[in-house]
Amino acid sequence: GLHPFHIPLAINFSNSNSEQKCILCSTCDHYICKLEAKNDVAVKILPDAIKNGATLLPNTRAIKINITKNRVVSIDLIDQISREISTIKAKNIIVSCGALSTPHLLIASGIDKIDKSGSLIGKYLMRHINSIVSGAFPFKTNPDKMFQKQIAIPDFYYGDKKKKNILLGNWGIIQDVSSFGKGLIKLNAPFGLKNAAAFLSEYSINLLCIAEDIPQLSNRVYADWNQKDIFGMPSLKVYHRYDQRDNAVINALSKEAKKILKKAGAKLFYTIPIETFSHAFGSCRFGKDRSASVLDEDCRVWGLKNLYVLDASFMPSGGSVNPSLTIAANSLRVSEMLASIQ
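Residues numbered from 1 in each chain as written. Predicted model: local features only at pLDDT ≥ 70, side-chain atom pairs only at ≥ 80, totals over all residues. Heavy atoms only, no water.

Focus: the overall build of the protein
Helix and strand content of the protein: six helices and 15 strands. By the compact-globule yardstick of 20 Å for 342 residues, the protein fits well, its C-alpha radius of gyration being 22 Å. Counting only C-alpha atoms and orienting by the principal axes, one finds that the protein spans roughly 65 × 50 × 45 Å. Buried residues in the protein amount to 40% of all 342 residues. Intrachain contacts of the protein at a sequence separation of at least 6 include 68% that bridge at least 24 residues. When the accessible area of the protein is evaluated, it comes to approximately 19300 Å², of which 56% is carbon and sulfur surface. Positive and negative side-chain charges in the protein, numbering 43 and 29 respectively, have mean positions lying 4 Å apart. (Helix = DSSP H or I, 4+ residues; strand = E, 2+ residues; numbered from the N terminus. Rg over C-alpha atoms; globule rule 2.2 N^0.38 Å. Buried < 20%, exposed > 50% of the residue type's maximum accessible area, 1.4 Å probe, protein only. Contact = heavy atoms within 4.5 Å. Areas by Shrake-Rupley, 256 points an atom, 1.4 Å probe, with all protein chains shown as cover. Lys, Arg positive; Asp, Glu negative; His and termini not counted. Charge placed at Lys NZ, Arg CZ, Asp CG, Glu CD.)

The structure is reproduced here in structure tokens:
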């Protein structure tokens, strides 16, 4: 009675472009692909960019954005091995360090003091509230150790269709996720349960629940000027707490995932909360209102003519799916605009 669909994955399931075909192994979700069948940035973007004139600086960190009046003029860089500092100049600068490091660099460069909108840099930090619901079955669920992460179930994205649950509004998505390797399970399982958890992994199916968290002004990235990191920048600090509704939503979504596994034949269940910033976004939100956003509609920093932010920071809300495609689509949109004004 549900409506599963195939997850959009940037993987070569065919070799129609003379590229290496995916062999459907079970390590895809947790390791770098040894065949380069996963079309990530290192495989698909950087090689072409370098062929077309881009320069990649390894072991290099941006430590300060330099400004004259209302324009960025240069970036100070530090070699993380030799500690040598250098400066580069460009007509336009794009910051794309991720939702934690982008606001940190902007604040460390004093950009939060340039415009009234600067007070919002780092604010409204979001990260999906996720959990994995694992069901143990009386048989090996993937004896051939084939690629598992294939379907998602959107039926509860907008909440409980039957209106039996009073929790209104968006809930999120449920999707298949690969089982972790036995070594990883032993490393993270509670003491005394390591071998049992590793054994049960062959008899389990895991469903990942992804729920949108409410944007909150208090959740933020900030710079601690009383502490310096090894590169001379103020220490990056993060404050984040989920709203009461966020916790209620993930609990409701996890219950639905458990029902699905139970109907499929699972006998035992275990819910694992995921506490990472792998889906962090929102710390430099874009918008039309200068007093309520850090970036304008073209993802340009308010108050500066040539500084852009193109990563997950721009998102004012997060939805309940992996943000990668949204980030890529927005980057293509803004890049086309930038190319047209060169």
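After that view of the structure, there is still more to cover.
Quick look at unusual backbone geometry
One non-glycine residue with positive phi stands out, namely E36, at about 60°. For E36, the position within the fold is in the loop between β1 (5–6) and α1 (41–51). Residue classification places E36 among the exposed positions, given a relative accessible area of 51%. Here the phi dihedral of C299 falls at roughly 65°; this positive angle occurs in a residue that is not glycine. Looking at the secondary structure, you find C299 in the loop between β14 (280–281) and β15 (307–309). A relative accessible area of 0% means that C299 is categorised as buried.

Section: the nonpolar core
Counting 36 residues, the largest nonpolar core has I65, L106, I111, L295 and L307 as its most contacted members. Secondary structure elements with two or more residues in this core: β2 (60–68), β3 (71–79), β5 (93–95), α2 (98–108), β15 and α6 (324–341). By size, the runner-up hydrophobic cluster in this structure holds 19 residues, among which are L207, A211, A252 and A266. (Core = buried A, V, L, I, M, F, W, Y, C linked by side-chain atoms within 4.5 Å.)

Notes on the sheet that holds strand β4 (residues 85–89)
Taken in spatial order, the three strands of this open sheet run β2-β3-β4, and their pairing is antiparallel. Strand pairing shows two members of the sheet lacking a second neighbour, β2 and β4, which therefore form its edges. Taking the axes of each pair of neighbouring strands and ignoring which way they run, one obtains an average angle of 30° across the sheet. Alignment of β2 against β3, held across eight bridges, turns out to be antiparallel. Within β3, the residue paired with I65 across the bridge is I75. (Pairing = 2+ DSSP bridges. Axes fitted to C-alpha atoms, helices over the stretch in contact; angles between N-to-C directions.)

Considerations on the layout of surface pockets
In this structure, the second largest pocket occupies an estimated 570 Å³ of space. As for the second largest pocket, its lining consists of 18 residues, of which L2, F156, K162, E256 and K259 are closest to the centre. Of the residues belonging to the lining of the second largest pocket, the class tally is six nonpolar, three polar and nine charged. (1 Å grid on protein atoms, 1.4 Å probe; cavity = no way out; pocket = protein on both sides within 12 Å on 5 of 7 lines; lining within 4 Å. Points joined across faces, edges and corners; volume = space filled by probe spheres on them. Nonpolar A, V, L, I, M, F, W, Y, C, P; charged D, E, K, R; others polar.)

Description of the sheet that holds strand β9 (residues 172–177)
Taken in spatial order, the six strands make up an open sheet running β1-β8-β9-β10-β7-β13, and their pairing is antiparallel. With one partner strand each, in any of the chains shown, β1 and β13 (268–274) form the two edges of the open sheet. As judged from the two bridges shared by β1 and strand β8 (residues 151–153), these two strands associate in the antiparallel manner. Residue pairing in the sheet places F5 in a bridge with A152 of β8.

Section: the side chain of N142
Of note, N142 is situated in the loop between β7 (129–136) and β8. In this structure the side chain of N142 is engaged in a polar contact, spanning 2.8 Å, whose partner is the backbone oxygen of M146. Excluding anything up to four places from it in sequence, N142 contacts Q148 and E202. (Polar contact = N/O pair within 3.5 Å; in protein donor to acceptor, adjacent residues only side chain to side chain.)

Focus: a nonpolar patch on the surface
Among the surface-exposed residues, V41, I45, L46, I50 and L56 lie close enough to one another that they form a single nonpolar patch of about 430 Å² accessible area. Mapped onto the elements, I50 comes out in helix α1. (Patch = residues over 30% accessible without salt bridge, like charges linked within 9 Å, V, L, I, M, F, W, Y side chains within 5 Å. Salt bridge = Lys/Arg side-chain N within 4 Å of Asp/Glu carboxyl O.)

Here's the deal with the pattern of salt bridges
It is possible for side chains of opposite charge to pair when their charged atoms get near one another. All told, the structure shown has seven salt bridges when counted by the stated rule. In this structure, K140 engages E202 in a salt bridge whose closest nitrogen and oxygen atoms are separated by 3.2 Å. Linking K140 in the loop between β7 and β8 with E202 in the loop between α4 (194–200) and β10 (204–211), this pair joins segments that are 62 residues apart in sequence. Owing to a relative accessible area of 42%, K140 belongs among the partly exposed residues under this scheme. E202 gets classed as partly exposed once you look at its relative accessible area, which sits at 22%. The shortest N-O distance in the salt bridge between R300 and D296 comes to 3.3 Å.

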